[in-house]
Amino acid sequence: MQEILFFVLAAVAVLSALGMLLNKNPVYSVLLLIVTLFSIAGLYVLLNASFIAAVHLIVYAGAIMVLFLFVIMLLDIRADVEHINLKRLSRILALLATFIFLGETFLIIWMSLKGKAAFVGLGEGILGDVPSVGELLFTKYLLPFEIASVLLLVAIVGAIILAKRKLRPEPPAA
Amino acid sequence: MNTAIGTIDWIPVAPFIALSVLGFLIMIIGLFFPRIYRETLGTITLVGLAVTFFLILQNWGEPRYAFANTIVGDKFSTVFNGLFVVGAALTILLSLNSQENRYLLYADYFTVIVFATAGMVLMSAGTHLLTIFLGLETLSIALYVLAGFRRENAFSLESAFKYFLLGAFASGFLLYGIALIYGATGSADIQEVTRWIQQNSLTGSLMLPIGFLLLFVGLGFKLAIFPFHMWAPDVYQGAPTPISAFMATGSKAAAFAALLRVALSTQSYTAIAWEQVLWVIAVATMTIGNIIALRQDNIKRMLAYSSIAHAGYILIGFIANNELGHSGMLFYLLSYTFMNIGAFGVISYLSTAEHEFVTLGDVRGLAYRRPFAAIAMAVFMFSLAGIPPTAGFISKFYIFSAAVKAGYVWLVILGVINSMISLYYYLGVVVQMFMSAVEEKAPATATQQPAVALALVVSMFAVLGLGIFPSRWLAVFMEMARSFI
């Protein structure tokens, strides 16, 4: 059952990723990317990393993709956009990155075939599920967790200050 | 799943909590009383900082770990946190210029300064790399906002944007470094990392040295040392003057605090061939800062390059890596806080909304127009140049003698040559002030600035006091440095 699920999810992820790259309409591309992210989240669940899956969905599929859509719609990019004209340097770098990634993948496969490294799913309650992450956040990482709230507050306050329309304060009462 | 949380030692986190509460308080006061006088707000902030300072002093003593070893209250954090709070208080005094900063929204401004200080406090007290990182981020985000606070000024916006882009990049390096250290040792707790290094070795895993290198890069950006110094002049020039002072002193000291804690606990920056690298970085930082400062006409830009050079001097103490070196760094940072805030403070003291007093032409003949400002500026310039009997001289003396003790004679010779180069541009300001006639069409200076004047007087007393009676403070810092061994 698990294996069937894995293959279905993996196939959907790869196919929608390809579709994202090959589609000319940027809005479709974003929607296909969301499908990819959903199926990857499914893979995380299979690995017992339900927390990562949830965060993945909320942050990437939820927040960041909505931003992407916003930008695309605000910029009003039409579907018949010409192919992006990559400079030669970018092409070379892109090829290089692809080969590095392919090499890493083959290295991992080769090592696991030789038995030097093994794929281990995260067992029940080891790391990735919500209770264990929650427990860590409220014991060992309680202080960093609370600091993060102050950090976010500063970021929000700062964004509002920089975006405020009114530049000068009210004149002080006489 | 049964986890005992146990009793919590609140003292180590008390400074952070106090600063956070103070930040909230000012924000809420600004919300409900938008017409409050800025002097009132400033006083409330200063009282809050005084309370924080008292809480910080409670941490002096044996290390007290809290919250699962993520934060500590020890002599090291006490000294650094005291420094940050004093710097923040002086910055707030400088900001109370009644004529220049007319367009600032004071409640927001003070709130962000206080939160920035909270971030610094975490950087010196954090014993977990995660705490240090979050502290750095809190500090950085607050500083991006502060740099862009003069929104009607294009330079200020440029400054904020530049700082933001480069700062975000540097944070990435820092986080990558932390991730690699965690990957190699299985923990980001500095004590655990130290234990791992003692049991294994620093070079046992390739990930670990690279992690420490990236950590250094991330902090080096905040320190504005070569080759991560390019942002400093533009950012300091564009930011509001008190904020330039705050960035040059507080955030630099905070980055040194984090670096020093990691280095002293793990001994990671001395074990391998780091010394040579640091040696080159220190010399390059000093030389580049001083040489470019020679040609600056804008005093804020000049002070920015000089702050790069000073980071280089402080690094010498780091390289010397002995007790005198570490306590010398502390002494240097303390003196530097006063003299640099003082120098920026004089600019703030004279500037009006129409005219910022920043060029050498502006200060021409200042001694005849505003003798107090000129004398204050002269004291700070002498101190920055390292002329006795000021604090600047004594701090350089401690740092250089620590390096000689550790055998880095050439480093010291280069440092001394650099100090001599720096004399030229520091004294250039003094010469302009005292030995040229006032220009006829000189713009009007600001008057009636009791808050800024108070900051200048305090800084002057501190610069001279530290210069004439240094031994007591050095003893305190020595005790701190010893507490690590």
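Everything numeric here is computed off the predicted structure, so don't read it as measured data.

## Topic: the overall build of chain A
Piece 1. Scanning chain A for helices and strands turns up 6 helices and 0 strands.
Piece 2. For chain A, the succession of helices and strands along the chain, N to C, is α-α-α-α-α-α.
Piece 3. Of the roughly 12800 Å² of accessible surface on chain A, 75% is carried by carbon and sulfur atoms.

## Concerning the overall build of chain B
Piece 1. On a plain count of helices and strands, chain B comes out with 20 helices and 2 strands.
Piece 2. Relative to its length of 485 residues, chain B is compact, with a C-alpha radius of gyration of 22 Å against a globular reference of 23 Å.
Piece 3. Taken along the three principal axes of its C-alpha coordinates, chain B extends 75 × 60 × 40 Å.
Piece 4. In chain B, which comprises 485 residues, the share counted as buried stands at 63%.
Piece 5. Of the roughly 17300 Å² of accessible surface on chain B, a fraction of 69% belongs to carbon and sulfur atoms.

## Side note on the nonpolar core
Piece 1. Phe80(B), Phe212(B), Met247(B), Leu303(B), Phe380(B) and Met381(B) are the most contacted members of the largest nonpolar core, which totals 187 residues.
Piece 2. Per-element tally for this core: the top contributor is helix α14 (residues 323-350) of chain B, with 17 residues.
Piece 3. Apart from the residues lying within four places of it in its own chain, the contact partners of Met381(B) are Met302(B), Leu303(B), Ala343(B), Tyr426(B), Val429(B) and Val430(B).
Piece 4. Core analysis: the second largest hydrophobic core is formed by 7 residues, Ile34(A), Ala61(A), Leu69(A) and Ile72(A) among them.

## A look at the packing of α14(B) against helix α17 (residues 391-405) of chain B
Residues and elements named next belong to chain B.
Piece 1. Put simply, α14 and α17 touch, their axes get as near as 9 Å, and they point 160° apart. The pairing of α14 with α17 is recorded here as roughly antiparallel in orientation. Taken as a pair, α14 and α17 cross one another with a handedness that is left-handed. Taking contact as the criterion, the partners of Leu324, Gly325, Gly328, Met329, Phe331, Tyr332, Ser335 and Met339 in α14 are, on α17, Ala391, Gly392, Ile394, Ser395, Lys396, Tyr398, Ile399, Ser401, Ala402 and Lys405.
Piece 2. Residues that form the contact of α14 with α17 fall into these classes: 10 nonpolar, 6 polar and 2 charged.

## Observations regarding unusual backbone geometry
Residue and element names in this part refer to chain B.
Piece 1. Cis geometry is found at the peptide bond from Phe226 to Pro227, where omega equals 0°.
Piece 2. Of the consecutive residues Pro388 and Pro389, the connecting peptide bond is found in the cis state with omega at 5°.
Piece 3. The topology assignment puts Pro389 in the loop between α16 (371-385) and α17.
Piece 4. Phi at Asn69 takes a positive value of approximately 60°, unusual for a residue other than glycine.
Piece 5. Within the fold, Asn69 resides in the loop between β1 (64-66) and β2 (71-73).
Piece 6. Owing to a relative accessible area of 27%, Asn69 belongs among the partly exposed residues under this scheme.
Piece 7. Of note in the backbone geometry, Asn321 takes a positive phi value of approximately 55° without being a glycine.
Piece 8. The residue Asn321 is located in the loop between α13 (299-320) and α14 in this model.
Piece 9. Assessed through its relative accessible area of 26%, Asn321 is described here as partly exposed.

## Considerations on a nonpolar patch on the surface
Piece 1. A contiguous nonpolar patch, built from Val55(A), Ile58(A), Val59(A), Tyr60(A), Ile64(A), Val66(A), Leu67(A), Phe68(A), Phe70(A), Val71(A), Leu74(A) and Leu75(A) and spanning about 1100 Å² of accessible area, is present on the exposed surface.
Piece 2. For Val55(A), the position within the fold is in helix α3 (residues 50-75).

## Topic: the packing of aromatic side chains
All names here are of chain B.
Piece 1. Applying the stated criterion across every chain yields a total of 26 aromatic pairs over all chains.
Piece 2. Ring centres of Tyr349 and Phe372 lie 5.8 Å apart, and the angle between their planes is 75°; this geometry places the pair in the edge-to-face category. Note that Tyr349 is positioned in helix α14 and Phe372 in helix α16, a separation of 23 residues in sequence.
Piece 3. Residue classification places Tyr349 among the buried positions, given a relative accessible area of 9%.

## Quick notes on the pattern of salt bridges
All names here are of chain B.
Piece 1. Inspection of the entire model under this criterion finds 9 salt bridges over all chains.
Piece 2. The salt bridge partner of Arg38 is Glu39, with a shortest N-O separation of 4.0 Å.
Piece 3. The exposure class of Glu39 is partly exposed, given its relative accessible area of 38%.
Piece 4. A salt bridge links Arg261 to Asp74, with the nearest nitrogen and oxygen atoms 3.3 Å apart. A residue pair is termed long-range when its members are at least 10 positions apart, and Arg261 in helix α10 (residues 241-266) and Asp74 in the loop between β2 and α3 (75-95) qualify at 187 residues.
Piece 5. In this structure Arg261 comes out as buried when scored by relative accessible area, which is 3%.
Piece 6. On the basis of relative accessibility, which here comes to 7%, the residue Asp74 falls in the buried class.
Piece 7. Connected through shared salt-bridge partners, Glu158, Lys162, Asp234 and Arg301 make up one network.

About the criteria used
Residues numbered from 1 in each chain as written. Chains lettered and ligands numbered in written order. Predicted model: local features only at pLDDT ≥ 70, side-chain atom pairs only at ≥ 80, totals over all residues. Heavy atoms only, no water. Helix = DSSP H or I, 4+ residues; strand = E, 2+ residues; numbered from the N terminus. Areas by Shrake-Rupley, 256 points an atom, 1.4 Å probe, with all protein chains shown as cover. Rg over C-alpha atoms; globule rule 2.2 N^0.38 Å. Buried < 20%, exposed > 50% of the residue type's maximum accessible area, 1.4 Å probe, protein only. Core = buried A, V, L, I, M, F, W, Y, C linked by side-chain atoms within 4.5 Å. Contact = heavy atoms within 4.5 Å. Axes fitted to C-alpha atoms, helices over the stretch in contact; angles between N-to-C directions. Parallel < 35°, antiparallel > 145°, perpendicular 65-115°, else oblique. Left-handed = near helix turned anticlockwise from the far one by under 90°. Nonpolar A, V, L, I, M, F, W, Y, C, P; charged D, E, K, R; others polar. Patch = residues over 30% accessible without salt bridge, like charges linked within 9 Å, V, L, I, M, F, W, Y side chains within 5 Å. Salt bridge = Lys/Arg side-chain N within 4 Å of Asp/Glu carboxyl O. Phe/Tyr/Trp six-rings, centres within 6.5 Å; stacked < 30°, edge-to-face > 60°.

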